[in-house]
Amino acid sequence: MRLPRAFPLLLLSLLLTACAGFELPRDLPFAQGADDDDRGTEAIREALRVGTERTVDRTGREDGYLGNAMIRIGLPEEFHSAAGQLRRVGLGGQVDELEQRMNRAAEAAATEAAPIFTDAIRDMRPSDVYAVIRGEDDAATRYLRDQSEATLQERYEPVVQKHLGEAGVYRVYQPLRDSYNRLPGLPELELDLDRYVTDRALEGLFAVLAEEEGRIRENPAARTTELLREYFGGNDS
């Protein structure tokens, strides 16, 4: 038995971009038949897969962080005072380079999210799909964050550390730190850049994912795979 025509449109609450406003109702029953439930769950997994791939692509490209004001990784708050002092003694270029290289490390690490998101999506049960449909506008993002953040933190930190090294962040930061610490009358500066960049990189990743989800809940349109077109219908534009 096929689900009512309106129901597939409700299920496509988790993906892409597009046309007119759409508000997601919260009160439809989920189960209409095992085959339809299985197909609906498969289609939602497909939608999430495409959506997370877009998120990883947006954050993992050059300037994915640096060029996005919403998620750009700025200097740590503890470094702001030091940065001002360093600029006054002619080291402003190195301060700017430090910020750029932190963002480059986050961009390089973003690809680590792809297989972890894949595992979380694969493990979704029909009840998880239903909870996403009936949840808040960021329910899919919250689900994926709950399921994957601890693993992402564990996976990101060594990758961020590796890329911080490859991007030359320590070569820039350590002389800046040493120059600052030689200035008289100022508290000593010491930052855990690995943890700082890891935390900010993950915050940015989930911020972009939530943004993608918000667009889809408002505009369920771009059905870019065969399964999505088959189950949800062709693109409406």
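Residues numbered from 1 in each chain as written. Predicted model: local features only at pLDDT ≥ 70, side-chain atom pairs only at ≥ 80, totals over all residues. Heavy atoms only, no water.

The secondary structure content of the protein chain amounts to 10 helices and zero strands. Start at the N end of the protein chain and walk to the C end: the helices and strands fall as α-α-α-α-α-α-α-α-α-α. Out of the 237 residues in the protein chain, the part that is buried amounts to 48%. When contacts within the protein chain are restricted to residue pairs at least 6 apart in sequence, long-range pairs at least 24 apart make up 82% of them. (Helix = DSSP H or I, 4+ residues; strand = E, 2+ residues; numbered from the N terminus. Buried < 20%, exposed > 50% of the residue type's maximum accessible area, 1.4 Å probe, protein only. Contact = heavy atoms within 4.5 Å.)

This model, assessed by the stated rule, comprises one aromatic pair. With 6.1 Å between their ring centres and 80° between their planes, Phe117 and Phe206 make a pair best called edge-to-face. With Phe117 in helix H5 (residues 113-122) and Phe206 in helix H9 (residues 193-218), this residue pair connects regions lying 89 residues apart in the sequence. Classification of Phe206 as buried rests on a relative accessible area of 2%. (Phe/Tyr/Trp six-rings, centres within 6.5 Å; stacked < 30°, edge-to-face > 60°.)

What follows deals with the side chain of Gln153. Along the chain, Gln153 falls in helix H7 (residues 139-166). Exposure remark for Gln153: the relative accessible area of 18% places this residue in the buried category. At 3.2 Å, the side chain of Gln153 forms a polar contact with the side chain of Asp199. Discounting residues that sit within four places of it in the chain, Gln153 has contacts with Arg195, Thr198, Asp199 and Leu202. (Polar contact = N/O pair within 3.5 Å; in protein donor to acceptor, adjacent residues only side chain to side chain.)

Glancing now at the pattern of salt bridges. Per the counting criterion, the structure on display carries 19 salt bridges. Residues Glu99 and Arg72 are paired through a salt bridge, measuring 3.0 Å at the closest nitrogen-oxygen approach. Of this pair, Glu99 sits in helix H4 (residues 92-109) while Arg72 sits in the loop between helix H2 (34-60) and helix H3 (80-88), and the two are 27 residues apart along the sequence. When its relative accessible area of 37% is taken as the criterion, Arg72 is described as partly exposed. Among the ionic pairs, Glu97 bridges to Arg101, the shortest N-O distance being 2.2 Å. (Salt bridge = Lys/Arg side-chain N within 4 Å of Asp/Glu carboxyl O.)

As a further point, take the nonpolar core. Within soluble globular proteins, side chains that are nonpolar tend to cluster in buried spots. Counting 53 residues, the largest nonpolar core has Phe79, Leu98, Met102, Phe117, Leu152 and Tyr156 as its most contacted members. For this core, the secondary structure elements donating two or more residues are H2, H3, H4, H5, helix H6 (126-134), H7, helix H8 (169-181) and H9. Sorting elements by how many residues they give to this core places H9 first, with nine residues. If near-sequence neighbours (up to four positions away) are discounted, Phe79 is found in contact with Leu86, Val95, Leu98, Tyr173, Leu176, Leu189 and Leu191. (Core = buried A, V, L, I, M, F, W, Y, C linked by side-chain atoms within 4.5 Å.)

Residue placement: Val89 occurs in the loop between H3 and H4. For Val89, a relative accessible area of 47% corresponds to the partly exposed category. Counting along the chain gives 94 residues from Val89 to Leu183, while the straight-line C-alpha distance between them is 9.9 Å.

Here the phi dihedral of Asp63 falls at roughly 70°; this positive angle occurs in a residue that is not glycine. Here Asp63 shows up in the loop between H2 and H3. The class of Asp63 is partly exposed, set by a relative accessible area of 35%.

We now examine the confidence of the model for the protein chain. Within the protein chain, residue pLDDT values average 75, and 74% of them lie at 70 or more. Within the protein chain, the lowest mean pLDDT, 39, falls on helix H1 (residues 6-11), and the highest, 88, falls on H5. Throughout residues 1-34 the model reports pLDDT below 50, and contacts reaching past four residues in sequence, or to other chains, amount to 101 contacts. (pLDDT = per-residue confidence, 0-100.)

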